[in-house]
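Analysis of the macromolecular model
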Amino acid sequence: MKEILFRSSIVFAALALFELAAPALHAAPAPNCLECHSDKGGPQFKGSIHGSMACTDCHTDIKAFPHPDQVAKVNCSTCHAAAVSKLNQSVHAHSSAQPCLSCHGDAHEILPATDPKSAVYALNIPRTCGNCHGDKKFAAQHNITEVYSQYMDSIHGFALSRDGLLVAATCAACHGSHEIRKHTDPASRVYRGNVADTCGSCHSGIEAVYQKGIHGQLVKAGDTSAPVCSDCHTAHQISNVQSTAWQVKTTATCGGCHTEEMATYRDTFHSQVSALGYQQVARCWDCHGEHDILPASDPNSKISDANLVATCGRCHAGANASFVTYQPHADPHDGRRFPLLHASAIFMNLLLAGVIGFFLLHALLWLLRSRGEAGHERRTL
Amino acid sequence: MTTPTATQTPEVRYYHRFTLGQRYLHGIIIITFLGLALTGLPLRFSGAAWSVALARAVGGFGAIIFFHKLNALIMTVAFAAHVINILYRAIVRKQWGLLWGPDSLVPSLKDFKDLFAHLRWFLWLGKKPQFERYAYWDRVDYWAVFWGMGIIGFSGYAMWFAPFFARFMPGSWLNIALLIHGEEALLAVSFIFTIHYFNTHLRPQNFPMDLTIFTGRQTEQEWIEKHPEEYARLKSEGKLEELRAKQPERWLNNFGRVVGTIAFLLGFAMLYLTVVSFIKEF
């Protein structure tokens, strides 16, 4: 009997002690949690942005010890409502992994974005995004372009990785962070209609010029088929505009819409030279301007009557009013607009066909007759 | 010819046909014409893969246009020297025969008669015409090149010094300059590499090539066969012996064969590329 009494008093005392200690579980990272979860409360957690918080501030479903084996997923939106709401409308909403942690890293070690060790610190963003988007298999699975390496080799990527510039465009600078949307979504920062504004958030001066040009005006008016920054400069690799490869490719880009002008340009010396990979030759933008392209009827246009001598004169020293009557897009087939050129083309074709045709026939007949020539013998050389 | 005839003499007699100056001129034209064609065709067919490859091989467009202009300058100097020489000999030294007559390259009524007779002979309708020093196709060759140099040369220099030329002519003529420069060049290339090659070298009577332009000399037999009227004229004037020549040296014959073979190979390669690329344009 004495024995039973003693044992039950120990149990009672233990229960009483536990009940007394229970409130402390809600107050601070109690040593109780860390007794089991010693790996979660170390200096890494103390130093994190959430270091002053209690375990149960996030793990809100844990009310008592022992807690169930299965605890609920932490809901970040309790505090970060705005960010999570944006995330839920983004392309990452249905991400199978915990979407917050994919970018922000280990939940117990999250650092402020301004901390150079943070996964979302500007200089670390490409690597963080690249965890998924640098994976070829991942890109193939999601049917998206493998953009990580293109970005890293771009002027933006170099500015960031090599020069450590915080102002260099990161993934988030263009795509946004929580609110990343598909480029086909009109609310996306990389939707065609919004690209100029997005790039212009850094390249403000160029954007102002672009918006005044015919292409900027068309896009502003809602014509998204007009070219935006990325059509010429590309989105991720931001090709070097000094490179011959880019200049040849982009000439064709202009020609993708301006097919007739491209065909007539092909007939000119400018094109013949540029096709052979010579850089110092007039390509579309050398005459029409780059960002400030305007129709010839506009007095501010580089190819307006008033500006043509200066524009041609940039390459052709000594260009005068007569010189600029040269037609950089002449079409020899168009007899109405270019009668003299058209007539010359017909004459040259007739001459070519006539001379070659007559003499080929002449040669053929001569050959046949010589073969039939009596007593003909092959001359020895 | 190996056929023994009654009049055959034991030795083969050689006679001068072209002067050293004419042979040099032809040599310079061969080199510069091939050079201009090799560097011009890649521009005319700049979209073709072989053009880009060729341009890269010689160091890009900069190198191509440099060699094009260099060859053009050399050809221009040769052309100018030739014209000045002809005019000097004709006017100052009163050799009017250079401007008119059988020794000149100026066409005469006989050329048209010869052409007509030759065509009749082709069709077994008449006798083979008796040619003088220059047959009508020789004169066509000469004037084709002459006309070509004028047209291509003028349009070329107009484009080279475009702002300067624009002081004297409308800039829109520069469009025409490029057009005729390219088309006339195609005519020249296709003419030289087919018609000239056949008429002068590849036809059965001369096959595979006529070395006369390299050695400057022809045999009496060749002379009688090819230019019977000239032979008869000089014989009656008693001038045959003035033109007697030594047998061409072996090295000279071989030199001609090598140069001729290279010109053939380059010409046929360019002709092939030109024809293929020209057809692709349609």
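Residues numbered from 1 in each chain as written. Chains lettered and ligands numbered in written order. Predicted model: local features only at pLDDT ≥ 70, side-chain atom pairs only at ≥ 80, totals over all residues. Heavy atoms only, no water.

Remarks on the packing of aromatic side chains
Residues and elements named next belong to chain B. Cut-off, in case you're wondering: Each aromatic pair joins two rings of Phe, Tyr and Trp (for Trp, the six-membered one) with centres within 6.5 Å, and gets the label stacked for planes under 30 degrees apart, edge-to-face for over 60, and tilted for any other angle. In this description a helix means any DSSP run of H or I spanning at least four residues, a strand means any run of E spanning at least two, and both kinds are numbered starting from the N terminus. Buried means the residue's accessible area, taken with a 1.4 Å probe over protein chains only, is under 20% of the maximum for its type, while exposed means over 50%, and partly exposed covers the values in between.
A complete count under the given rule lists 29 aromatic pairs over all chains for this structure. An angle of 75° between the planes, with centres 5.7 Å apart, marks the rings of Phe33 and Phe193 as edge-to-face. Taken together, the residues Phe33 in helix α1 (residues 20–44) and Phe193 in helix α7 (residues 173–202) connect sequence positions 160 residues apart. For the residue pair Phe33 and Phe193, the accessibility class agrees, reading buried in each case. Considering the side-chain rings of Trp160 and Phe161, the 4.8 Å spacing of their centres and the 15° angle between planes classify their relative orientation as stacked. Overall, the relative accessible area of 29% leaves Trp160 in the partly exposed class. Look at Phe161 and you get partly exposed, because its relative accessible area is 38%.

Overview of the packing of α1(B) against helix α2 (residues 49–58) of chain B
All names here are of chain B. Rules: For helices, the fitted axis covers only the stretch in contact; all axes are lines through C-alpha atoms, and the angles between them, taken along N-to-C directions, range from 0 to 180 degrees. Any angle that is under 35 degrees is reported as roughly parallel, and any over 145 degrees as roughly antiparallel; angles of 65 to 115 degrees are reported as roughly perpendicular and all others as oblique. Crossing handedness: left-handed means the near helix sits turned counterclockwise from the far one by under a right angle, and right-handed means the same turn made clockwise. Throughout, a residue-residue contact means that at least one pair of heavy atoms, one from each residue, lies within 4.5 Å. Classes in brief: Ala, Val, Leu, Ile, Met, Phe, Trp, Tyr, Cys and Pro nonpolar; Asp, Glu, Lys and Arg charged; the others, Gly included, polar.
At a minimum axis separation of 8 Å, α1 and α2 run at an interaxial angle of 130°. Considered as vectors, α1 and α2 are oriented oblique to each other. Relative to α2, α1 is oriented so that their crossing is left-handed. Listed contacts from α2 to Leu38, Leu41 and Pro42 of α1 are Trp50, Ser51 and Leu54. When its residues are assigned to classes, the contact of α1 with α2 shows five nonpolar, one polar and no charged.

Focus on the sheet that holds strand β1 (residues 14–16) of chain B
All names here are of chain B. The cut-off we apply is this: When DSSP finds two or more bridges between two strands, those strands count as paired.
The strand order across the open sheet formed by three strands is β2-β1-β3, and the pairing between neighbours is antiparallel. Edge positions in the sheet fall to β2 (217–219) and β3 (244–245), since each has one partner strand and no second. Inspection of the sheet shows β1 paired to β3 by two bridges, in the antiparallel sense. For Tyr14, the partnering residue across the bridge sits in β3 and is Ala245.

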